[in-house]
Amino acid sequence: DRARRGYFELAHRGTLFLDEIAELALHLQVKLLHVLEERRVRPVGSEKEIDIDVRLIAATNRDLPCEVKENRFREDLFYRLNVVTLTLPSLHERTEDIPEIAQSYVEHFRRQIGSDAKLISDTAMAAILAYPWPGNVRELANAIERAIIMAAGDEIEVGDLAVDIQMAPEPSGNLASAHPNKPDPSWVGR
């Protein structure tokens, strides 16, 4: 009953971010490829196409060349998207970033939830650093949100973390030497 502009039209002369591009169904990949090649879209219900000027950023946690080989992602779309590739290592591969990322989530969630928790205790941080983070930054964000909810005081303690994080095995090598500002993770069994 009324016209609504789509994402490409809204992003005209700007940037559109498509998260988890590998999840896009094959029939929609064809449509996206057409839009990227023609730089035009036809709004739903319209009889004419409109020009668009959009910078597209697409993200995925999948190996797109492998998805292309397995015929789950269109090769022509892959090459159209693969102009500049930025590869971010998983959180597990860049543990030196974890304290800063975790603390930024503490600030975010404490304001959102209205919690007194401002800091992560040294032993809680040691547990966080030892955990492998298979769910990457999203899992870390959820873990910090849970810890903020569970925290009784102004500091997140080991007991405020999910059990799987509390019980993460100590990595091979000495965590204290890998992270000189953090204590040896002796929280297991407390």
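The rules behind these values
Residues numbered from 1 in each chain as written. Predicted model: local features only at pLDDT ≥ 70, side-chain atom pairs only at ≥ 80, totals over all residues. Heavy atoms only, no water. Helix = DSSP H or I, 4+ residues; strand = E, 2+ residues; numbered from the N terminus. Expected span 1.5 Å × (residues − 1). Buried < 20%, exposed > 50% of the residue type's maximum accessible area, 1.4 Å probe, protein only. Arc of directions from axis to C-beta. Contact = heavy atoms within 4.5 Å. Patch = residues over 30% accessible without salt bridge, like charges linked within 9 Å, V, L, I, M, F, W, Y side chains within 5 Å. Areas by Shrake-Rupley, 256 points an atom, 1.4 Å probe, with all protein chains shown as cover. Salt bridge = Lys/Arg side-chain N within 4 Å of Asp/Glu carboxyl O. Lys, Arg positive; Asp, Glu negative; His and termini not counted. Charge placed at Lys NZ, Arg CZ, Asp CG, Glu CD. Axes fitted to C-alpha atoms, helices over the stretch in contact; angles between N-to-C directions. Parallel < 35°, antiparallel > 145°, perpendicular 65-115°, else oblique. Left-handed = near helix turned anticlockwise from the far one by under 90°.

A.B. asks: Teacher, can you tell me more about helix H2 (residues 26-38) here?
C.D. replies: Count 3.6 residues to each turn of an α-helix, and residues three or four apart come out pointing the same way. With 13 residues, H2 extends 18 Å from end C-alpha to end C-alpha; this agrees with the ideal 18 Å at 1.5 Å per step. Inspection of H2 places Gln29, Leu32, Leu33, Val35 and Leu36 among the buried residues, and these make up the whole buried set. One face of H2 carries all of its buried residues, which in axial projection span an arc of 160°. Opposite its buried face, H2 presents the exposed residues His27 and Lys31, each directed more than 90 degrees away. Close packing links the buried residues of H2 with helix H1 (7-10), strand E1 (14-18), strand E2 (40-41), strand E4 (54-58) and helix H4 (75-81). Positive backbone phi, approximately 55°, marks Arg39, located one or two places after H2.

A.B. asks: Before we go on, may I ask you to explain a negative patch on the surface in this structure?
C.D. replies: There is a patch of like negative charges on the surface, built from Asp116, Asp122, Asp154, Glu155 and Glu157. When its relative accessible area of 46% is taken as the criterion, Asp122 is described as partly exposed.

A.B. asks: So what exactly am I meant to see when it comes to unusual backbone geometry here?
C.D. replies: Most peptide bonds are trans, and most residues other than glycine sit at a negative phi. Of note, Arg13 is a non-glycine position whose phi angle comes to about 65°, a positive value. Inspection of the secondary structure puts Arg13 in the loop between H1 and E1. Despite not being glycine, Asn71 shows a phi value in the positive range, around 60°. With respect to the helices, strands and loops of the structure, Asn71 is situated in the loop between helix H3 (64-69) and H4. The class of Asn71 is exposed, set by a relative accessible area of 61%.

A.B. asks: Would you take a moment to explain the packing of helix H5 (residues 98-113) against helix H7 (residues 136-150) for this structure?
C.D. replies: For any two helices packed against each other, the geometry is given by the interaxial angle and the distance between the axes. Two elements in contact, H5 and H7, have axes whose closest approach is 9 Å; the angle formed by their N-to-C orientations is 50°. As summarised for this structure, H5 and H7 are arranged oblique, according to the angle between their axes. Crossing hand, H5 versus H7: right-handed. Across the interface between the two elements, Ile101, Ala102, Tyr105, Val106, Phe109, Arg110 and Ile113 of H5 pack against Val137, Leu140, Ala141, Ile144, Glu145, Ile148 and Ile149 of H7.

A.B. asks: Hey, could you run me through a nonpolar patch on the surface in this one?
C.D. replies: Side chains of Val83, Val84 and Leu86 sit close together on the surface and give an oily, nonpolar patch of about 380 Å² of accessible area. Tracing the backbone through its elements, the reader meets Leu86 in the loop between H4 and H5. The class of Leu86 is exposed, set by a relative accessible area of 76%.

Don't take any of this as a statement about function, it's just geometry.
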